[in-house]
Amino acid sequence: MTWVVSEQHGAVAVLTLNNPEQYNAMRRGLLGDLHAALRAALADASVRAILLTGAGKGFCAGAELGSGTFSAGADVAPWMRAELSPLLEAMRNADKPIVVAVNGPAAGAGVGLALAGDIVLAARSAKFVLSFVKLGAALDAGTSLLLQRSIGVARARALALLGRPLGAEQAAEWGLIYQVFEDSELMTEAMAIAQQLAGGPPISIGLIKQQVERGWSASLAETLDDEAERQGQAFVTADLREGAAAFVEKRAARFTGR
């Protein structure tokens, strides 16, 4: 059994976590399957955007309760470095846009997995829970960084220390996610956004992703220099010439990634 179902709809690869009985908890094999599916989508020239979601009523419940994870002791650290960290880094560093549709609860490392995407959407019934403190655990899956940069230190600290669930609407109000949709509309809206990204200029999108990622820790001088460098890369592409021509001619641009 594969723990991640991969399907392609036009230029969009849809990756679905497939452990619905456990709210898509990160049981053994799931992270490896997701990383393999992600690598395949990134290597496929016909794929220009990726949509990640979960099967059933949950997005991802984090670590699998009742498994050997919580008896691993200090060995959990090398496992995280070998399995979890490379996946999240691959998502953040991907040159293709990743839309995440949080279709239900995201807990623990599931929150970090969701926030590793570029555009995060949620069903109205979804919630985000930093459940680590209730288990006596530390933060992981990038949550100690990604949360405070999205919603600020005070809110991130409170969510982490109290372990209280954050509803989808409040998550959007705070800036943790981009947008909330009715449960029945989530996948339709997520696919529409993914298809819009897939029809966009791939080089430009990749450059913008790199800029936003780099801008988190760069100075203004470094940012300005980096912007000049990347704009120089964009201005020699056929896509930029096509985009400029389409703007003048008042028509939809046809981007080819060249």
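Notes on the structure follow. (Residues numbered from 1 in each chain as written. Predicted model: local features only at pLDDT ≥ 70, side-chain atom pairs only at ≥ 80, totals over all residues. Heavy atoms only, no water.)

### Examining unusual backbone geometry
Phi is positive for Tyr23, which is not a glycine, with a value near 50 degrees. Assignment of secondary structure puts Tyr23 in the loop between strand S2 (12-17) and helix H1 (30-43). With relative accessibility at 41%, the residue Tyr23 sits in the partly exposed group. Residue Asn24 is not a glycine yet carries a positive backbone phi of 60 degrees. (Helix = DSSP H or I, 4+ residues; strand = E, 2+ residues; numbered from the N terminus. Buried < 20%, exposed > 50% of the residue type's maximum accessible area, 1.4 Å probe, protein only.)

### Re the sheet that holds strand S4 (residues 98-102)
Across the sheet, which stays open at both edges, the six strands sit in the order S1-S2-S3-S4-S6-S9 with mixed pairing between neighbours. Either end of the sheet is taken by a strand with one partner, and the two such strands are strand S1 (4-9) and strand S9 (179-181). Across this sheet, the average inter-strand angle for adjacent strands is 20 degrees, counted without regard to direction. When S4 meets strand S6 (residues 119-123), the two strands line up parallel, connected through four bridges. Across the sheet, residue Val100 finds its bridge partner in S6, namely Val120. (Pairing = 2+ DSSP bridges. Axes fitted to C-alpha atoms, helices over the stretch in contact; angles between N-to-C directions.)

### Here we look at the pattern of salt bridges
A side chain with one charge may pair with a side chain of the opposite charge, provided their charged atoms come close. Per the counting criterion, the structure on display carries eight salt bridges. Each member of the salt-bridge network shares a partner with another, and the members are Arg124, Glu169 and Glu182. (Salt bridge = Lys/Arg side-chain N within 4 Å of Asp/Glu carboxyl O.)

### Describing H1
The end-to-end C-alpha distance of H1, which contains 14 residues, comes to 20 Å, matching closely the 20 Å that a straight helix rising 1.5 Å per residue would cover. The complete set of buried residues in H1 reads Leu30, Leu31, Leu34, His35, Ala37, Leu38 and Ala41. Within H1, the buried residues cover an arc of 165 degrees as seen down the axis, which keeps them to one side. Residues of H1 that are buried make contact with S1, S2, strand S3 (49-54), helix H2 (76-93), S4 and helix H3 (109-115). (Expected span 1.5 Å × (residues − 1). Arc of directions from axis to C-beta. Contact = heavy atoms within 4.5 Å.)

### A look at the pairing of S6
By the criterion of burial, S6 is predominantly enclosed, with four of the five residues buried. Two elements, S6 and S9, share three bridges in a ladder whose sense is parallel. Each bridged residue has a counterpart across the sheet, and for Leu121 the counterpart in S9 is Gln179.

### Here we look at H2
An α-helix turns once every 3.6 residues. As a result, residues three or four positions apart point the same way. With 18 residues, H2 should reach 26 Å at 1.5 Å per residue; the first-to-last C-alpha distance of 24 Å fits that figure. At Leu84, H2 is bent by approximately 35 degrees, the largest bend along its length, and proline Pro86 sits one to four residues beyond. Buried residues of H2: Leu84, Leu87, Leu88, Met91 and Arg92, and no others. The elements touched by buried residues of H2 are H1, S3, S4, H3, helix H5 (143-151) and helix H9 (202-215). (Bend = angle between axes of the 7 residues up to and from the residue.)

### Section: the packing of H1 against H2
Direction vectors running N to C along H1 and H2 enclose 30 degrees, while the axes themselves pass 10 Å from each other. Classified by chirality, the crossing of H2 by H1 is left-handed. Between H1 and H2, the contacting residues are Leu31, Gly32, Leu34, His35 and Leu38 on the first element and Trp79, Glu83, Leu84, Pro86, Leu87, Ala90 and Met91 on the second. Partitioning the contact of H1 with H2 into residue classes produces nine nonpolar, two polar and one charged. (Left-handed = near helix turned anticlockwise from the far one by under 90°. Nonpolar A, V, L, I, M, F, W, Y, C, P; charged D, E, K, R; others polar.)

### Here's the deal with the nonpolar core
In terms of nonpolar packing, the biggest core is built from 51 residues, with Leu52, Phe59, Val102, Leu113, Phe128, Leu147 and Leu176 touching the most fellow members. The biggest single contributor to this core is H1, with six residues. Leaving out residues up to four positions away in the same chain, Leu52 has contacts with Leu15, Leu17, Leu34, Phe59, Met91, Val99, Val100, Ala101 and Leu113. In terms of nonpolar packing, the next biggest core, distinct from the first, is built from 17 residues, Val12, Ala49, Leu186 and Ile205 among them. (Core = buried A, V, L, I, M, F, W, Y, C linked by side-chain atoms within 4.5 Å.)

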